Amino acid sequence: MNMELSPKFAKQNFEGEAGSYHSWSTTEFPLLAQSKVAAGLLVLKPAGFVLPHSADSSKLGFVLQGEQGSVGLVLPNSKTHSNQEIVVGLQAGDVIPVPLGSFSWWYNHGESDLIILFLGETSNAYVPGEFSYFFLTGALGMLGGFSTEFISKAFNINETEATTLAKAQTGASKKSKCTHEVPT
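All values derive from a computational prediction rather than experimental measurement. (Residues numbered from 1 in each chain as written. Predicted model: local features only at pLDDT ≥ 70, side-chain atom pairs only at ≥ 80, totals over all residues. Heavy atoms only, no water.)

Engineer: Before we move on, could you go through the pattern of salt bridges and cite the residues and values that matter?
Structural biologist: All chains considered together, the criterion is met by one salt bridge. Between E28 and K11 there is a salt bridge, with its nearest N and O atoms 3.7 Å apart. In this pair, E28 is assigned in the loop between β2 (19-23) and α1 (30-35) and K11 in strand β1 (residues 11-16), connecting sequence segments 17 residues apart. Using a relative accessible area of 43% as the deciding quantity, one classes E28 as partly exposed. The partly exposed category is assigned to K11, whose relative accessible area is 43%. (Salt bridge = Lys/Arg side-chain N within 4 Å of Asp/Glu carboxyl O. Helix = DSSP H or I, 4+ residues; strand = E, 2+ residues; numbered from the N terminus. Buried < 20%, exposed > 50% of the residue type's maximum accessible area, 1.4 Å probe, protein only.)

Engineer: Explain the side chain of S57 residue by residue, including any values.
Structural biologist: Tracing the chain through its elements places S57 in the loop between β4 (48-55) and β5 (59-65). Take S57: its relative accessible area is 5%, and that puts it in the buried class. Polar contacts involving the side chain of S57 include one to the side chain of D56, which spans 3.4 Å. Excluding its chain neighbours within four sequence positions, the residues that come into contact with S57 are V98, L100, E121, T122, A125 and F131. (Polar contact = N/O pair within 3.5 Å; in protein donor to acceptor, adjacent residues only side chain to side chain. Contact = heavy atoms within 4.5 Å.)

Engineer: Give a detailed account of the pairing of strand β9 (residues 103-108), specifying residues and quantitative values.
Structural biologist: The buried count for β9 comes to five of six residues, which makes it a mostly enclosed element. Note that β4 and β9 share three bridges and pair antiparallel. In the sheet register, V50 faces β9, and the bridge partner there is W106. The pairing of strand β6 (residues 69-74) with β9 spans six bridges and is classified as antiparallel. When the sheet's bridge partners are listed, L73 is paired in β9 with S104. (Pairing = 2+ DSSP bridges.)

Engineer: So what's going on with unusual backbone geometry? Residues and values would help.
Structural biologist: One non-glycine residue with positive phi stands out, namely K36, at about 60°. Tracing the backbone through its elements, the reader meets K36 in the loop between α1 and β3 (37-44). Positive phi values are uncommon outside glycine, yet A47 reaches one of about 70°. Within the secondary structure, A47 sits in the loop between β3 and β4.

Engineer: Requested: an account of the pairing of β1, with residues and values cited.
Structural biologist: Of the strand pairs in this sheet, β1 and β2 are connected by five bridges, and their pairing is antiparallel. Following the sheet pairing, E15 is matched in β2 by S20. Between β1 and the antiparallel strand that follows it, β2, lie two residues.

Engineer: Quick rundown of the nonpolar core? Include the residues and the values.
Structural biologist: Among the nonpolar cores identified, the biggest contains 23 residues, and L42, L90, I96, W106, I116 and F118 are the most heavily contacted of them. Every element with two or more residues in this core is listed here: β3, β4, β6, β7 (85-90), β8 (95-98), β9 and β10 (114-121). Membership of the second largest hydrophobic core comes to eight residues, among which are F29, A39, V43 and L117. (Core = buried A, V, L, I, M, F, W, Y, C linked by side-chain atoms within 4.5 Å.)

Dropping the structure here:
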């Protein structure tokens, strides 16, 4: 069996004012699909923010570059932190586990790019060898598929707030001023 093992560059999936996301495609690198391993690279510019989202696989985030970032995680299956947000500070050298079923957001507080490499096993993923992401809000968000009446009832907010929650964000990432306290 001949295997193509030459280095492959990641393809850019998204770029915006907050940064970019790159991944290695199973069509360009079939060994990923065969081994059911996925890889993605998040590059967050200063003040870059990735909206809350979930993936169809567990993964590890390796912080390759950056001195001041943070991640917020909601771990629904955790015995000690079930449905509570955990906010963790990030810097180069950190490794962050992101379990299947969790929701996360990512923010760069620093003056230089925050670069995170994600690796994960994808045997049960929608596309083995690739991560699929599911955003809660924004243009790609799941809440956009529900009526404002439903959202307002489900979250106990008025319809104006429901419209803002589901429709105001036009992308998957943005420049923002983070309001969360980050542990040091």
